[in-house]
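Summary of the model geometry
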Protein chains: 2
Amino acid sequence: MTPSTRSTSFPPRAPADFSINQMTVKQLSLPDLVTACADLGVRGVGLWREPVKEYGVEAAARLVRAAGLRVTTLCRGGFLTAVDPGERARALADNRAAVEEAAALGTDTLVLVCGGLPDGDRDLPAARERVADALAELAPYAAGHAVRLAVEPLHPMFAADRCVVSTLGQALDLAERFPAEQVGVCVDTYHVWWDDLAPAALARAGAGGRLHAFQLADWTTPLPRGVLTGRGRLGDGSIDFRAWRALAEAAGYRGPVEVELFNEALWAADGREVLADTIHRYTTHTR
Amino acid sequence: MTPSTRSTSFPPRAPADFSINQMTVKQLSLPDLVTACADLGVRGVGLWREPVKEYGVEAAARLVRAAGLRVTTLCRGGFLTAVDPGERARALADNRAAVEEAAALGTDTLVLVCGGLPDGDRDLPAARERVADALAELAPYAAGHAVRLAVEPLHPMFAADRCVVSTLGQALDLAERFPAEQVGVCVDTYHVWWDDLAPAALARAGAGGRLHAFQLADWTTPLPRGVLTGRGRLGDGSIDFRAWRALAEAAGYRGPVEVELFNEALWAADGREVLADTIHRYTTHTR
């Protein structure tokens, strides 16, 4: 197969900026994922802490480095809203460990999901302020490891139980309390696509040097019970990926673009085929 | 039973500003609902078009009038995002009928759920603009019947399939293109509770004379499949109703407060008991 025919064959070789988030194909072991990436020309991968730790952080780092893969993000730190001092101390310690793992893996970006309301708590503004307090402790530590924290706003349907930071504007309000090289944002289309204020916030993030990660997933309905695993393949849902990618580029973003899907049907399928299909859809729907 | 003991008995008499949205107790027939309201001192009811039409609009109007009940809102018009000219014409005709039904029932407020994206459509801004175009046709017609249109922002999780207006700020941006006595907003805590910009928008709505309806439901997790019927009883979830009610009052709102729950478990229970419990929770959790 020559390079010229490769570009029209299925599966297509992955574009240079494409990155696969490990969760999209979590049925693949880390070695199988790395092999599949090599076979399909994927140059970037977003990793998750749990499977990395299971494999061994140092071993995982060696594996991806040997394959010439770039770790585009580590997912995820965060869960910083506890009121209880002991819980809070444990969360901070866990986030320092996440920073160290990110550094070991050679990625400069740790994605943070900030955490929901503690049980029985109804004070969103106070929970958001506790996130800011935690960032103040973590950001310098991360910077000391050459790791940037990327605050990810999650869709408002997760505000109670997963992330009290619901919009890109809020995430930037938090990040901008700190130096841009320490704290920025992670923008996932799945979480922000509905928000008429998000395009301006994306430009603001870019102008401030805070657009640390950019992820894609499509919005499909009906949502499943618990709403966590209903992310759609690119092109299956309501999101205009060409528009969002153009907005990110207009904001100055030149980094990798991760596709991150949580989807039971995809997890039940062949992981290599899911990866190939994801590349195909990325090529088809974002340009 | 004397008035003084009534106030401490269970169920409590409904506070003067309490209104029950018919959907909360949809297992009750309209006559049973009216009787239950009389027995429990409920003075306001938010009605839905489908059960009202099934009973007969004029008969329903006579029934509630004879009981001294105030119809606080009619739910709902809207679904104004069609691109197809025939569909659009049918939607406008249906909304004019809804205006006439509201007038016949003696309510001054028609709640609008604006509609989602047409199948295969990914252009949210264009869909929102079609809503504005439709409001321009409907608002004068409604005003001619002494009915105000109340644009209801729905939670962003409904942006694709139910309502492209996702925040109170957006709803106000739409409403403010028209006179305040023609187009305002309906604020439901379930839809806006997560939004840090909603309190300021609520004040803006009040200052502009556009806070036409105020509804309560609690946010509970996990959300059920389809996410439509997961609304929680007041006090069961994450929403601080005292804070939201205080915000509405600070915005100058002195109107009825509807409790509107869509909840399979409540629909399976005894409707009168659900109504009594709803009054009790309203009294307990909003002051």
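Here the structure is a predicted model, which means the values were calculated and not measured.

Brief notes about the overall build of chain A
Helix and strand content of chain A: 12 helices and 10 strands. Its C-alpha atoms give chain A a radius of gyration of 18 Å, near enough to 19 Å, the size a compact globule of 287 residues would have. Dimensions of chain A, computed from C-alpha atoms along their principal axes, come out at roughly 60 × 40 × 40 Å. Residue burial in chain A is summarised as follows: out of 287 residues, 58% are buried.

Brief notes about helix α4 (residues 57–66) of chain B
Residues and elements named next belong to chain B. By the burial criterion, the buried members of α4 are Val57, Ala60, Ala61 and Val64. Projected down its long axis, α4 shows its buried positions confined to an angular sector of 100 degrees, all on one face. The secondary structure elements touched by the buried residues of α4 are α2 (30–40), β2 (44–48), α3 (49–55), β3 (70–78) and α5 (85–105). In the stretch just after α4, Gly68 is the one whose phi turns positive, near 75 degrees.

Notes on the packing of aromatic side chains
All names here are of chain A. In this structure the tally under the stated criterion is 13 aromatic pairs over all chains. Taking the centre distance of 5.8 Å and the plane angle of 70 degrees together, the rings of Phe214 and Tyr253 count as edge-to-face. Linking Phe214 in strand β7 (residues 211–216) with Tyr253 in the loop between α10 (241–250) and β10 (257–259), this pair joins segments that are 39 residues apart in sequence. Note on accessibility: Phe214 and Tyr253 belong to one class, buried.

So, the UniProt feature "domain: Xylose isomerase-like TIM barrel" (unreviewed entry) in chain A
In this numbering, the UniProt entry assigns the feature "domain: Xylose isomerase-like TIM barrel" (unreviewed entry) to residues 35–276 of chain A. Secondary structure content for residues 35–276 of chain A is 44% helix and 17% strand, while the C-alpha to C-alpha distance between its ends is 13 Å.

Concerning the relation of the copies chain A and chain B
The relation between the two chain copies is a rotation about an axis coupled with a shift along that axis. Superposition record for chain A on chain B: RMSD 0.0 Å, screw rotation 180 degrees, translation along axis 0.0 Å. What the superposition gives is, in effect, a two-fold axis relating one chain to the other. Within chain A, Arg225 of chain A has its C-alpha nearest the rotation axis, a separation of 2.0 Å. Here 100% of the contact residues of chain A are again contact residues in chain B; the copies associate through an equivalent surface.

Let's talk about the sheet that holds strand β5 (residues 148–151) of chain B
Residues and elements named next belong to chain B. Spatially, 8 strands are ordered β1-β2-β3-β4-β5-β6-β7-β10 in a closed barrel, and the strand pairing comes out parallel. On average, each strand axis in the sheet is tilted by 30 degrees relative to the strand beside it, whichever way the strands run. Here strand β1 (residues 18–21) pairs with β2 via 3 bridges, running parallel. Across the sheet, Asn21 pairs through a bridge with Gly46, a residue of β2. Across the sheet, α5 lies against β2, β3, β4 (109–113) and β5, angled at about 175 degrees from β3, the strand it touches most.

Description of the sheet that holds strand β2 (residues 44–48) of chain A
Residue and element names in this part refer to chain A. An order of β1-β2-β3-β4-β5-β6-β7-β10 is seen for the 8 strands of this closed barrel, with the pairing classed as parallel. Within this sheet the neighbouring strands show an average axis-to-axis angle of 30 degrees, counted without direction. With 3 bridges joining them, β7 and β10 adopt parallel strand pairing. Looking at the pairing, Gln215 lines up with Glu258 of β10. Strands in contact with helix α7 (residues 168–175) are β5 (148–151) and β6 (183–188); relative to β6, the strand with the most contacts, it is inclined by about 165 degrees.

Description of the packing of helix α4 (residues 57–66) of chain A against helix α5 (residues 85–105) of chain A
Residues and elements named next belong to chain A. Two numbers describe how α4 lies on α5: the axes approach to 8 Å, and their chain directions differ by 30 degrees. Taken together, α4 and α5 sit at an angle that is classed as roughly parallel. Where α4 crosses over α5, the two elements pack in a sense that is right-handed. On α5, the residues touching Val57, Glu58, Ala60, Ala61 and Arg65 of α4 are Glu101, Ala104 and Leu105. By residue class, the composition of the contact of α4 with α5 is 5 nonpolar, no polar and 3 charged.

Examining helix α9 (residues 198–207) of chain A
The α-helix winds at 3.6 residues per turn, so residues separated by three or four positions along the chain end up facing the same way. Residues and elements named next belong to chain A. Listed in full, the buried residues belonging to α9 are Ala198, Ala201, Leu202 and Ala205. Buried residues of α9 fall within an arc of 105 degrees about the axis and therefore sit on the same side. In α9, the exposed positions angled more than 90 degrees off the buried face are occupied by Ala200 and Ala207. Next to the buried residues of α9 lie α7, β6, α8 (189–192), β7 and α10. Trailing α9 by a residue or two, Gly209 shows a phi angle of about 70 degrees, which is positive.

A closer look at the pairing of strand β3 (residues 70–78) of chain A
Residue and element names in this part refer to chain A. Of all 9 residues that make up β3, 7 are buried, and the element is covered over most of its length. The pairing of β2 with β3 spans 5 bridges and is parallel. Residue pairing across strands places Gly44 opposite Arg70, the latter belonging to β3. The sheet contact formed by β3 and strand β4 (residues 109–113) spans 4 bridges and is parallel. Across the sheet, residue Leu74 finds its bridge partner in β4, namely Leu110. After leaving β3, the chain enters α5 and then returns to the sheet as β4, a path that is right-handed.

So, the interface of chain A and chain B
Taken together, the contact pairs 30 residues of chain A with 30 residues of chain B. When the two sides are added together, the surface that chain A and chain B hide from each other amounts to roughly 2,500 Å², 61% of it contributed by carbon and sulfur. Contact with chain B buries area across many residues of chain A, yet Arg122, Trp194 and Arg225 of chain A alone supply 24% of it, more than any other trio. There are 0 salt bridges connecting chain A and chain B. Along the contact surface separating chain A from chain B lie 10 residue pairs in polar contact (both at pLDDT 80 or more). Residue classes in the side of chain A that touches chain B are distributed as 15 nonpolar, 9 polar and 6 charged.

Overview of the packing of α5 of chain A against helix α6 (residues 124–144) of chain A
Residue and element names in this part refer to chain A. Between α5 and α6, the shortest axis-to-axis distance is 10 Å and the interhelical angle comes to 35 degrees. With respect to the hand of their crossing, α5 and α6 are arranged in right-handed fashion. Mapping the contact onto sequence places Arg88, Leu92, Asn95, Arg96, Val99 and Glu100 in α5 and Arg130, Asp133, Ala134, Glu137, Leu138, Tyr141 and Ala142 in α6. Split by residue class, the contact of α5 with α6 holds 6 nonpolar, 1 polar and 6 charged.

Conventions used here
- Residues numbered from 1 in each chain as written.
- Chains lettered and ligands numbered in written order.
- Predicted model: local features only at pLDDT ≥ 70, side-chain atom pairs only at ≥ 80, totals over all residues.
- Heavy atoms only, no water.
- Helix = DSSP H or I, 4+ residues; strand = E, 2+ residues; numbered from the N terminus.
- Rg over C-alpha atoms; globule rule 2.2 N^0.38 Å.
- Buried < 20%, exposed > 50% of the residue type's maximum accessible area, 1.4 Å probe, protein only.
- Arc of directions from axis to C-beta.
- Contact = heavy atoms within 4.5 Å.
- Phe/Tyr/Trp six-rings, centres within 6.5 Å; stacked < 30°, edge-to-face > 60°.
- UniProt positions renumbered as here; feature names shortened; annotations may be inferred.
- Least-squares fit on C-alpha atoms with pLDDT ≥ 70 in both.
- Pairing = 2+ DSSP bridges.
- Axes fitted to C-alpha atoms, helices over the stretch in contact; angles between N-to-C directions.
- Parallel < 35°, antiparallel > 145°, perpendicular 65-115°, else oblique.
- Left-handed = near helix turned anticlockwise from the far one by under 90°.
- Nonpolar A, V, L, I, M, F, W, Y, C, P; charged D, E, K, R; others polar.
- Right-handed = clockwise from strand over helix to strand, strands pointing away.
- Buried area = accessible area lost by both parts, 1.4 Å probe.
- Salt bridge = Lys/Arg side-chain N within 4 Å of Asp/Glu carboxyl O.
- Polar contact = N/O pair within 3.5 Å; in protein donor to acceptor, adjacent residues only side chain to side chain.

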